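Chain by chain, the residues:
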Amino acid sequence: MSFGETPITVIGNLTADPELKFTEGGAALAKFTIAATPRVFDRESNQWKDGNATFFRCAAWRQLAEHTAESLAKGSRVVAHGRIRQHDWKTDQGENRSMLVMEVDEIGASIRFTTVTINAKRPAQTTPAAGDDAWNTNASASQPKGDEPPF
């Protein structure tokens, strides 16, 4: 994050499935909206009630965009972290318009009210040769002598 940017973390629910698009250059872009609704306790009725929802228009780019579109759906409770960006444009009638968007750097499912299963996609790992790995207790060269630990 650059100096002067406005960081933000939002916890809420997706209002619709993320919309995945690709730029002319081939970069993936996921657009979605998060509704953050505070819960307040009403002492008169002795019940919890929803407060006024705040809607955050969000954008995620590249691999994060693809993973967001594949993993999350309408109603998903998420924790998203990113920064606020302002977009300015002119309408066809020449009117100036402005909109704040959260550019998402990290997003994940909230597990406060549900469980999730994570399917980790990790790059292939190379395994060092037996003699090169000090933690490899199967290699005869690194077998402990007596009660000595293998390190």
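What this report covers is the structure whose coordinates are included nearby. This is a predicted model, so every value here is computed, not measured.

Moving on, we get to the overall build of the chain. Along its length, the chain carries 1 helix and 8 strands. Across the chain, helices and strands are ordered from the amino to the carboxyl terminus as β-β-β-β-β-β-α-β-β. Residue burial in the chain is summarised as follows: out of 151 residues, 22% are buried. Residue pairs at least 24 apart in sequence account for 57% of intrachain contacts in the chain once pairs closer than 6 positions are excluded. Carbon together with sulfur atoms contributes 49% to the accessible area of the chain, which is approximately 11600 Å² in total.

On to the pattern of salt bridges. In total, this model carries 9 salt bridges according to the counting rule given. The partner of Arg83 in a salt bridge is Asp105, with the nearest N and O atoms 2.5 Å apart. In this pair, Arg83 is assigned in strand 7 (residues 77–90) and Asp105 in strand 8 (residues 96–109), connecting sequence segments 22 residues apart. Classification of Asp105 as partly exposed rests on a relative accessible area of 29%. Of the charged contacts in the structure, one is a salt bridge between Arg97 and Glu95, with a shortest N-O distance of 3.0 Å. What you see here is one network of salt bridges that share partners, running through Glu5, Arg83, Arg85, Glu103 and Asp105.

A few words on the nonpolar core. Ranked by size, the top nonpolar core spans 17 residues in total, and within it Phe32, Ile34, Met102, Val104 and Ile107 carry the most contacts. Looking at this core, the elements that each hand over two or more residues are strand 1 (6–14), strand 3 (28–36), strand 6 (54–61), strand 7 and strand 8. Element by element, the count of residues in this core is highest for strand 3, at 5 residues. In this view, Val104 contacts Phe32, Cys58, Ala59, Ala60, Leu64, Ala80, His81 and Gly82; residues no more than four positions away in its chain are not counted.

What follows is about the layout of surface pockets. Quantified by volume, the largest pocket comes out at close to 630 Å³. What lines the largest pocket is a set of 19 residues, and nearest its centre among them are His67, Ser71, Thr117, Ile118 and Asn119. At the level of elements, helix 1 (62–71) and strand 8 are the ones that each hand at least two residues to the lining of the largest pocket. Residues of the lining of the largest pocket, tallied by class, amount to 8 nonpolar, 8 polar and 3 charged.

Residue position: Val79 is located in strand 7. Exposure remark for Val79: the relative accessible area of 33% places this residue in the partly exposed category. Measuring from C-alpha to C-alpha, the distance between Val79 and Ile111 comes to 9.5 Å, with 32 residues separating the pair along the chain.

Right, let's get into the side chain of Ser76. Here Ser76 shows up in the loop between helix 1 and strand 7. Judged by its relative accessible area of 19%, Ser76 falls in the buried class. Of the polar contacts made by the side chain of Ser76, one reaches the backbone oxygen of Ala73; its length is 2.8 Å. Contacts of Ser76, omitting those with residues within four sequence positions, involve Gly12, Asn13 and Leu14.

A negative phi angle characterises most non-glycine residues, just as the trans form characterises most peptide bonds. Not every positive phi belongs to a glycine, and Asn46 is a case in point at roughly 60°. By the element assignment, Asn46 lies in the loop between strand 4 (39–42) and strand 5 (47–50). Here Asn46 falls in the exposed class, since its relative accessible area comes to 57%. Phi at Arg62 takes a positive value of approximately 55°, unusual for a residue other than glycine. Along the chain, the position of Arg62 falls in helix 1. Given a relative accessible area of 54%, Arg62 falls into the exposed group.

Conventions and cut-offs
- Residues numbered from 1 in each chain as written.
- Predicted model: local features only at pLDDT ≥ 70, side-chain atom pairs only at ≥ 80, totals over all residues.
- Heavy atoms only, no water.
- Helix = DSSP H or I, 4+ residues; strand = E, 2+ residues; numbered from the N terminus.
- Buried < 20%, exposed > 50% of the residue type's maximum accessible area, 1.4 Å probe, protein only.
- Contact = heavy atoms within 4.5 Å.
- Areas by Shrake-Rupley, 256 points an atom, 1.4 Å probe, with all protein chains shown as cover.
- Salt bridge = Lys/Arg side-chain N within 4 Å of Asp/Glu carboxyl O.
- Core = buried A, V, L, I, M, F, W, Y, C linked by side-chain atoms within 4.5 Å.
- 1 Å grid on protein atoms, 1.4 Å probe; cavity = no way out; pocket = protein on both sides within 12 Å on 5 of 7 lines; lining within 4 Å.
- Points joined across faces, edges and corners; volume = space filled by probe spheres on them.
- Nonpolar A, V, L, I, M, F, W, Y, C, P; charged D, E, K, R; others polar.
- Polar contact = N/O pair within 3.5 Å; in protein donor to acceptor, adjacent residues only side chain to side chain.

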